[in-house]
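Working through the structure, step by step
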Amino acid sequence: LNCSAFDPFRFIIKGSLGGAAIYVAYDQGLLGSGTQGAEALRKAQAALPPAIQEWTSYLGWEVRALPPTPKFDFSPSDSWNKGVQTVMSALSVAPARACEYTVEGWKYVKDLVK
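Please read all numbers here as calculations on a predicted model, not as lab measurements.

**Considering helix 2 (residues 34-59)**
Here helix 2 contains 26 residues, and its C-alpha end-to-end distance of 36 Å stays within 8% of the 38 Å for a straight helix at 1.5 Å per residue. The largest bend in helix 2 is about 35°, located at alanine 47, with the proline proline 49 one to four residues further on. Downstream of helix 2 by a residue or two, glycine 60 has a phi angle that is positive, lying close to 90°.

**Quick word on a nonpolar patch on the surface**
Residues Trp106, Tyr108, Val109, Leu112 and Val113 make up a contiguous nonpolar surface patch of roughly 600 Å² in combined accessible area. When you line up the elements, leucine 112 lands in helix 3 (residues 76-113). Taking the relative accessible area as the measure of exposure, leucine 112 reaches 58% and is therefore exposed.

**Section: helix 1 (residues 8-27)**
With 20 residues, helix 1 extends 28 Å from end C-alpha to end C-alpha; this agrees with the ideal 28 Å at 1.5 Å per step. Downstream of helix 1 by one or two residues, glycine 29 has phi in the positive range, about 90°.

Definitions and cut-offs
- Residues numbered from 1 in each chain as written.
- Predicted model: local features only at pLDDT ≥ 70, side-chain atom pairs only at ≥ 80, totals over all residues.
- Heavy atoms only, no water.
- Helix = DSSP H or I, 4+ residues; strand = E, 2+ residues; numbered from the N terminus.
- Expected span 1.5 Å × (residues − 1).
- Bend = angle between axes of the 7 residues up to and from the residue.
- Patch = residues over 30% accessible without salt bridge, like charges linked within 9 Å, V, L, I, M, F, W, Y side chains within 5 Å.
- Areas by Shrake-Rupley, 256 points an atom, 1.4 Å probe, with all protein chains shown as cover.
- Salt bridge = Lys/Arg side-chain N within 4 Å of Asp/Glu carboxyl O.
- Buried < 20%, exposed > 50% of the residue type's maximum accessible area, 1.4 Å probe, protein only.

Bear in mind that shape data such as this cannot, by itself, settle questions of function.
What follows is the structure, given as structure tokens:
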């Protein structure tokens, strides 16, 4: 048995799992806008504690009290907008900064040559 040979069974399983993960992310709105992503995060925070409680009771584990889910004060849409604004701001001042740095560079070279 050659382990380095291509194994189509593994490839099909990994591809199926990857495709399923992408489908679930798309279906839940994680690949949509920032607002849809924030809504999906709120849904997950609401559904997680009951799901854990159900699984622990199903498996026969006793969980007396679950810690509260962390509260995120994070808006993906605001973060995305802030990032876009920062990049656009940097691009808008880039020509002026390049000119300033060129002038400073020439002054430095002239001072070295003296």
